[in-house]
Amino acid sequence: MIKSDFITDIQEIRKRARQHIEEGAVTDGYQGDRETVIKLLNDSLATEIVCVLRYKRHWLMAKGINSEPVAAEFAQHAQEEQEHADKIGKRIVQLGGEPDLNPSTLLGRSHADYAEGKSLIDMIKEDLIAERIAIDTYTEVIRYIGEKDPTTRRMLEGILEQEEEHADELANMLANLHS
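What counts as what
Residues numbered from 1 in each chain as written. Predicted model: local features only at pLDDT ≥ 70, side-chain atom pairs only at ≥ 80, totals over all residues. Heavy atoms only, no water. Patch = residues over 30% accessible without salt bridge, like charges linked within 9 Å, V, L, I, M, F, W, Y side chains within 5 Å. Areas by Shrake-Rupley, 256 points an atom, 1.4 Å probe, with all protein chains shown as cover. Salt bridge = Lys/Arg side-chain N within 4 Å of Asp/Glu carboxyl O. Helix = DSSP H or I, 4+ residues; strand = E, 2+ residues; numbered from the N terminus. Buried < 20%, exposed > 50% of the residue type's maximum accessible area, 1.4 Å probe, protein only. Contact = heavy atoms within 4.5 Å.

Novice: Hey, could you run me through a nonpolar patch on the surface in this one?
Specialist: A cluster of nonpolar side chains, contributed by Leu53, Leu107 and Tyr114, occupies part of the molecular surface with about 280 Å² of accessible area. Considering the arrangement of structural elements, one finds Leu53 in helix 2 (residues 34-61). Residue Leu53 is classed as partly exposed on the basis of its relative accessible area of 46%.

What follows is the structure, encoded as structure tokens:
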């Protein structure tokens, strides 16, 4: 006889799967505080939307001799931030919540500011500051979630990785414009 390392009784899992089926992906095995996780995700969603808007403005407003490659980077970052927002919004719904996209409260819930910047260098600096804020807040949320919600944690870890890439790219652009 082969000893199984599977701790949970499969019959019990099958029985639980039939209960509360209207909750979709959220089973009795979910260990997170759904209300808190949804709030944290809605705040992250607001942050991503504000970042999309800031990057879009910077893309449209970029001027000067070095503006073309920088504007292209702003446009790409805006698209990637929108992808982050979409992933977060879908996860909120999956957890049984509602994405809060109310324009009148977005900025108040966002971790990042909507700082316009006047010059190309100011725009890069403001975007870099926002990326650094995102890195710190995503790190904190990931730490809070821990093992209680592995799906949300992995999603946020992927977003965090991309935010770190954005920060590196912006820091390199800033260094190149200063040299």
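Novice: Can you help me understand the side chain of His58 in this one?
Specialist: Structurally, His58 can be placed in helix 2. Residue His58 is classed as buried on the basis of its relative accessible area of 0%. Discounting residues that sit within four places of it in the chain, His58 has contacts with Phe74, Ala115, Glu116, Gly117, Met123, Glu126 and Asp127.

Novice: What is the right way to read the pattern of salt bridges from this model?
Specialist: For side chains bearing opposite charge, pairing can occur when the charged atoms are close. A complete count under the given rule lists 7 salt bridges for this structure. The shortest N-O distance in the salt bridge between Arg91 and Asp149 comes to 2.9 Å. Remark: Asp149 occurs in the loop between helix 5 (120-145) and helix 6 (150-178) and Arg91 occurs in helix 3 (residues 67-94); sequence separation between them is 58 residues. We classify Asp149 as buried; its relative accessible area is 1%. Residue Glu157 pairs with Arg153 through a salt bridge whose shortest N-O separation is 3.4 Å. One end of the pair, Glu157, and the other, Arg153, are both in helix 6, 4 residues apart, so they sit about a helical turn from each other. Among the residues examined, Glu157 registers a relative accessible area of 35% and is labelled partly exposed. Through salt bridges with shared partners, a single ionic network connects Glu147, Arg153 and Glu157.

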